[in-house]
Amino acid sequence: GLWHTWLDRDLGISGRVLVREEGLVVQKFVKIHKPIARVSSLCIHLKTAEERKALNVNKETHLAPILGTAGILMDGVKKQLTGNSGEESDTWREHQDPLLLELIAKELSVEVKDIADFELNLFDTQPACIGGMKDEFVYSARLDNQATCFVSIEGLIDYTNNAAFENDVDISMVCLFDHEEVGSCKLLHLAKMKYL
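Everything in this summary refers to the structure shown in the same document. Everything quoted here is computed from the prediction, not taken from an experiment.

### Overview of unusual backbone geometry
Glycine aside, a negative phi is what most residues show, and trans is what most peptide bonds show. At Ser109, a position not held by glycine, the phi torsion is positive, near 55 degrees. Checked against the element boundaries, Ser109 lands in the loop between α4 (98-108) and β3 (115-124). The residue Asp135 is not glycine, and still its phi comes out positive at about 55 degrees. On the secondary structure map, Asp135 appears in the loop between β4 (129-131) and β5 (137-139). In this structure Asp135 comes out as exposed when scored by relative accessible area, which is 54%.

### Brief notes about the sheet that holds strand β2 (residues 24-37)
Working definition: the strands of a sheet are paired by backbone hydrogen bonds and lie parallel or antiparallel to each other. Read from one edge to the other, the open sheet built from three strands follows the order β2-β1-β3, with strand pairing classed as antiparallel. Among the strands making up the open sheet, the edge pair consists of β2 and β3. The average angle at which neighbouring strand axes cross in this sheet is 20 degrees, direction not considered. For strand β1 (residues 11-21) and β3, the ladder comprises nine bridges, and the chain directions are antiparallel. Looking at the pairing, Arg16 lines up with Glu119 of β3.

Rules behind the numbers
Each chain has its residues counted from 1, running along the sequence as written. Confidence filtering applies because this is a predicted model: local features only for residues at pLDDT of at least 70, side-chain atom pairs given and counted only at 80 or more, and all residues used for totals across whole chains, interfaces and linings. Just so you know, side-chain values use all the structure's heavy atoms and leave hydrogens and water out. Under the scheme used here, helices are H or I runs from DSSP no shorter than 4 residues and strands are E runs no shorter than 2 residues, and both carry numbers assigned from the N terminus. Exposure categories follow from relative accessible area, calculated using a 1.4 Å probe and restricted to protein chains: below 20% of the type maximum is buried, above 50% is exposed, and the middle band is partly exposed. For two strands to count as paired, DSSP must find a minimum of two bridges between them. Between N-to-C directions, angles span 0 to 180 degrees; the directions come from axes that are lines fitted to C-alpha atoms, helices contributing only their stretch in contact.

In structure tokens, the structure reads:
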């Protein structure tokens, strides 16, 4: 993967949270847009010349996000361990960061004890912007092929509204596949097929 692109960025958290509500477990979506995590890289003067030449990331040990200082996180753990005032024990919750649970609960306006599970992802909180000497570029993460798909469809729609379209003998079309790699051989995606 492109792991280096995650380093030293302000990261928010979003995803799906399962919440206990009136005897049921319901799904809620959360997006915490403020930077609460960071995957830090080692400063340059602590790396050898060899390490600076090529980034070698161990996904298990180098990509753990930092959520807070040890003191703040330990205070949350201490509160969790000592503040169990007659509540039922929740094995899953005991293995989660208590401050993260509090933040999610606050964002969703629920009690921490009502969070049953979650599936969360980190995302870059830096917004997209226009840049370049004459504002000719869009600077943004995750543009990828979605941007070209959008402008291709917009261009096709604009062309069909043009008078020249009425006399066009060619077939005007845009082909969009599930995979951006043209060499995809998966039968369901058909990117390498010889016909459309």
